[in-house]
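Given next are the chains, with one letter for each unit.
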Amino acid sequence: MRILRRVLAAAATTLAALVMVIGPASADSPVTITDTVTDPSGFLSSSQIDAIKQSASTAAEKGVDFYFVAVPDLSGQDGTTWCQAAGLGSGLSNTSIVYVIAYEERQQTWCGNQGEKVVSDSQLTKAKTAAGTVLGKSNPLDGATTADAVTTFVSTMTGSSGSGKSLGSAIVPLVLVIIVVLIAGQVVVSMRRRKKLRSTVSASSTGLSPAQRIDLANRRLLEADERVRSASDELDYARAQFGTLRTDDYAMALDAARSGVAHAFELQQTMNGTDPEAARTVAADQILSTLDSVMNPLATQQATFHDLRDSEAGADEQLAALRERISEVTNSIPAAETELHTLTVSNPAATISSLQDNPDQARALLDSATQAANQAEQALPTDRSRAVEAIDTGQRALAMARLQLEAIMTAQKDLADASSKLTEATASITSDLNDVTRLGADPTAFASLIQDAHAAITAARTARDGQGDPLEALEALHSAETALDLALAGLRSADEQRTRASAGARNKLSVAQTWVRDAQTWVQSRRGLISLDARSRVSQAETALAEATRTVDSDPQASMQSSDTASSLARSVMQSGQQDPPLGQQTRIGSSVGDALLWSVLLGSLGGHHGSSWGDGGPSRGGFGGGGFGGGGGGGFGGGGFGGGGTSSF
């Protein structure tokens, strides 16, 4: 049985608003579809429109409700999302099929076909491939080729013998072409994987300009990062429900996806850097290939988990458990607010600034979780699948709300630990200052180092008195001590140098671990408000921390440098606040904290569906290797919205 699409099941009005505001507004924002052919810019001639309408009429005789839209571009949006918004806003049935060609942007997409009552999603994928072959013959695209591509799409979709010059002769040669294209695509994907993604051409970026390929890679990377973070929450639920053994494959796929996304973030530094355009484009294609290789298997495991859970756990029991957990977290908000007030009184504002809005954001997420639970309860008597989808959404929102409050409740312990470490670090650097005299060091040469050490000690005392950030003071102490140790190295024995270097490396590693953990929590609990740049810095910090941990014993100096890098990157994420919208400056979902946070729940709930880049069951269902933004078909939005789809370039 085909795996049902996973969609956000919050209130229909909220979902419609979210979908319609994706991307910047422009004249090419999702149009209202009022006729079989919608061409607001007059790209097609009357005879070309008539040919498409005739083809659509033939499809209608076979029970297919088909619509075509021609626009210059998709306003920077994901094609499937654009298509779904157009269908939803036009009030079309979610069993209808909408086919869109963005002729200047050279993108094609389809959506709808919920339930696959007449044609299958597989047929639609073949139709898109066949139409893409026609579209690829004209650059820039003209109206005649566009009309040919549309009639080819309809003919292939319905299995007709032909409806015009677009098919050339019979359907059999076209099918052979499609088979060859699909086989070739799979061979290319296989070769890429065997060569460990050294290829520089991604199927999804073919035909795009270098700038468009770079933009696509950034967008896919944000989606992948969000998908991995949501899958991490989901794996926790899976382990609690089914145990570790039955979720091993899921865990392995998630680990591989994490590694792939981390590698993609490394490539992103080249892609978004100042290297020649050719090198940046190569990096973009490598990012796309890397993500495709790890995200499709993760999508498969997510789908398997959903099926397993659906078969073994009653939706009514899941709903009851969700409501109970929502109540528990809601009841913990007053305690968190009391703790936050205590922290505010006893610590400088800058020390806890990152926590100040946590209670409000937790409430926004709990509202979303409650809304999803209500939606599940309404759907449960008549549509169990939709109810389960709503429960998924509620669980993700709940997990994020819990993180918001846990960050408050653990802050005091973190601050107390840092304060205790300040005492130890102050004693250690004081010993170094004594060594300057004991070892007969030149006072003039050491003057600036001694001055920095005393300044760090003063800052540490201030922080212990509640007038400064303990973690920053601790970091300053370690840095001053490291500088002194390096200067005194020539006056100490080899054993003493090794002991000092090892201690310094471990001290810096401890600070870096705290910074990175805080940055991870910050991003994980505010995902809809965190930009791709901030996510990239977190990933770089994690990589640097891993290197610092690996070399802490074998190469203390290298470990300290990596720890400094990790701390600096993580600190910059914490200090960046929430000014950056998702997808850089290109996309903002909603106008409130609740809407922005709900965006990450929406994206995380997609499970490879409804505009996600990765399909249900791996490359054969979509994704980069399959030549588009993902497989098609599936359920509608909220209270009966528009169905799924797939996108590709030509």
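The preceding data block contains the structure.
Each value, and the rule that gives it
In this numbering scheme, every chain counts its residues from 1 along its sequence in written order. Selection of residues for local features in this predicted model requires a pLDDT of at least 70, selection of side-chain atom pairs for listing and counting requires 80 or more, and totals for whole chains, interfaces and linings are taken over all residues. The side-chain values count all of the structure's non-hydrogen atoms but skip hydrogen atoms and water molecules. Runs of E in the DSSP output that reach at least two residues are strands. Runs of H or I that reach at least four are helices, and both are numbered from the N terminus. Using a 1.4 Å probe on the protein chains alone, a residue whose accessible area is under 20% of its type maximum counts as buried, one over 50% counts as exposed, and one in between counts as partly exposed. In what follows, residue pairs with any heavy atoms lying within 4.5 Å of each other are defined as contacts. Note on areas: Shrake-Rupley, 1.4 Å probe, and residue coverage restricted to the protein chains presented here. By this rule, a helix spans an expected 1.5 Å times one less than how many residues it contains. One requirement defines pairing of two strands: DSSP has to find at least two bridges between them. For crossovers, right-handed means that the path from the first strand over the helix to the second runs clockwise, given strands pointing away from the viewer. Nine residue types can take part in a nonpolar core, namely buried Ala, Val, Leu, Ile, Met, Phe, Trp, Tyr and Cys, and a core is a set of them joined through side-chain atoms within 4.5 Å. Within this document, salt bridges are pairs made up of a side-chain nitrogen of Lys or Arg and a carboxyl oxygen of Asp or Glu, the two lying within 4 Å of each other. To get an axis, fit a line to the C-alpha atoms, keeping to the stretch in contact for a helix; angles then go from 0 to 180 degrees between the N-to-C directions. Note on terminology: disulfide denotes any pair of cysteine sulfur atoms within 2.5 Å.

### A few points about the overall build of the protein
Consideration 1: Each helix and strand counted, the protein has 20 helices and five strands in total.
Consideration 2: Out of the 650 residues in the protein, the part that is buried amounts to 56%.
Consideration 3: For the protein, long-range pairs separated by at least 24 residues make up 77% of all intrachain contacts whose partners lie at least 6 apart in sequence.
Consideration 4: Total accessible area on the protein is roughly 25600 Å²; 54% of this is exposed by carbon and sulfur atoms.

### Observations concerning unusual backbone geometry
Consideration 1: Cis geometry is found at the peptide bond from Asn 139 to Pro 140, where omega equals 5°.
Consideration 2: By secondary structure assignment, the location of Pro 140 is in the loop between α4 (121-135) and α5 (143-158).

### Some points on helix α19 (residues 556-575)
Consideration 1: The terminal C-alpha atoms of α19, which comprises 20 residues, lie 28 Å apart, in line with the 28 Å expected from a rise of 1.5 Å per residue.
Consideration 2: Every buried residue of α19 is listed here: Pro 556, Ser 559, Met 560, Ser 562, Ser 563, Ala 566, Ser 567, Leu 569, Ala 570, Arg 571, Val 573 and Met 574.
Consideration 3: Its buried side turned inward, α19 meets α16 (470-488), α17 (494-525) and α18 (532-551).

### Thoughts on the pairing of strand β2 (residues 66-71)
Consideration 1: Counting buried residues in β2 gives six out of six residues, a clear majority hidden from the surface.
Consideration 2: Both faces of β2 are covered, namely the face carrying Phe 66, Phe 68 and Ala 70 and the face carrying Tyr 67, Val 69 and Val 71.
Consideration 3: Sheet topology places strand β1 (residues 37-38) next to β2; two bridges connect them, and they run parallel. Opposite Thr 38, over in β2, you have Val 69 as the bridge partner.
Consideration 4: On the question of chirality, the crossover connecting β1 to the parallel β2 by way of helix α2 (residues 46-61) is left-handed.

### Quick look at the nonpolar core
Consideration 1: Ranked by size, the top nonpolar core spans 43 residues in total, and within it Leu 422, Ile 429, Phe 446, Leu 477 and Leu 484 carry the most contacts.
Consideration 2: Elements supplying a minimum of two residues to this core: α14 (384-438), α15 (447-464), α16, α17, α18 and α19.
Consideration 3: No other element matches α17, which puts nine residues into this core.
Consideration 4: With near-sequence residues (within four places) excluded, Leu 422 lies in contact with Ala 460, Ala 463, Arg 464, Pro 470, Ala 473, Leu 474 and Leu 477.

### A short note on the side chain of Thr 247
Consideration 1: Within the element layout of this structure, Thr 247 appears in the loop between α7 (210-242) and α8 (248-271).
Consideration 2: Owing to a relative accessible area of 3%, Thr 247 belongs among the buried residues under this scheme.
Consideration 3: Excluding residues within four positions of it along the chain, Thr 247 makes contact with Leu 235, Ala 238, Arg 239 and Phe 242.

### Some words on the pattern of salt bridges
Consideration 1: For the structure shown, the criterion picks out 26 salt bridges.
Consideration 2: Taking the shortest distance from any N to any O, the salt bridge between Arg 492 and Asp 435 comes out at 2.8 Å. Here the residue Arg 492 occupies a position in the loop between α16 and α17, and Asp 435 occupies one in helix α14, the gap between them amounting to 57 residues.
Consideration 3: Using a relative accessible area of 5% as the deciding quantity, one classes Asp 435 as buried.
Consideration 4: A salt bridge links Arg 500 to Glu 481; the nearest nitrogen and oxygen atoms lie 3.6 Å apart. With a gap of 19 residues between them, Arg 500 in helix α17 and Glu 481 in helix α16 connect regions that are remote in the sequence. This pair shows no difference in class: Arg 500 is buried, exactly as Glu 481 is.

### Structural notes on the sheet that holds strand β3 (residues 97-102)
Consideration 1: Strand order in the open sheet made by the five strands is β1-β2-β3-β4-β5, with mixed pairing throughout. Looking at the sheet topology across the chains shown, the edges are occupied by β1 and β5 (645-649).
Consideration 2: Pairing between strand β4 (residues 107-112) and β5: five bridges, direction antiparallel. Bridging from a neighbouring strand, Gln 107 pairs with Ser 649 of β5.
Consideration 3: Docked against the sheet, helix α3 (residues 79-89) engages β2, β3, β4 and β5, running at close to 50° with respect to β4.
Consideration 4: Together, β3, β4 and β5 form the strand contacts of α4, whose direction differs from that of β4 by roughly 160°.

### Details of the state of the cysteines
Consideration 1: Using the criterion set out here, one finds one disulfide in the structure.
Consideration 2: Here Cys 83 pairs with Cys 111 through a disulfide, and the sulfurs are 2.0 Å apart. One quick way to see it: the torsion about the S-S bond of Cys 83 and Cys 111 is about -75°, and its sign makes the bridge left-handed. Taken together, the residues Cys 83 in helix α3 and Cys 111 in strand β4 connect sequence positions 28 residues apart. Of the two residues examined, Cys 83 and Cys 111, each falls in the buried class.

### Side note on the pairing of β3
Consideration 1: Summarising burial for β3: six of the six residues are buried, a large majority.
Consideration 2: Where burial is concerned, the two faces of β3 agree: the one with Ile 97, Tyr 99 and Ile 101 and the one with Val 98, Val 100 and Ala 102 are both buried.
Consideration 3: Two strands pair when backbone bridges link them, and β2 and β3 are joined in this way by six bridges, in the parallel orientation. Opposite Val 71, over in β3, you have Ala 102 as the bridge partner.
Consideration 4: Handedness of the β-α-β unit built from β2, α3 and β3 comes out right-handed.
Consideration 5: Pairing geometry for β3 and β4, over six bridges, is antiparallel. Looking across to β4, one finds that Ile 101 is bridged to Gln 108.

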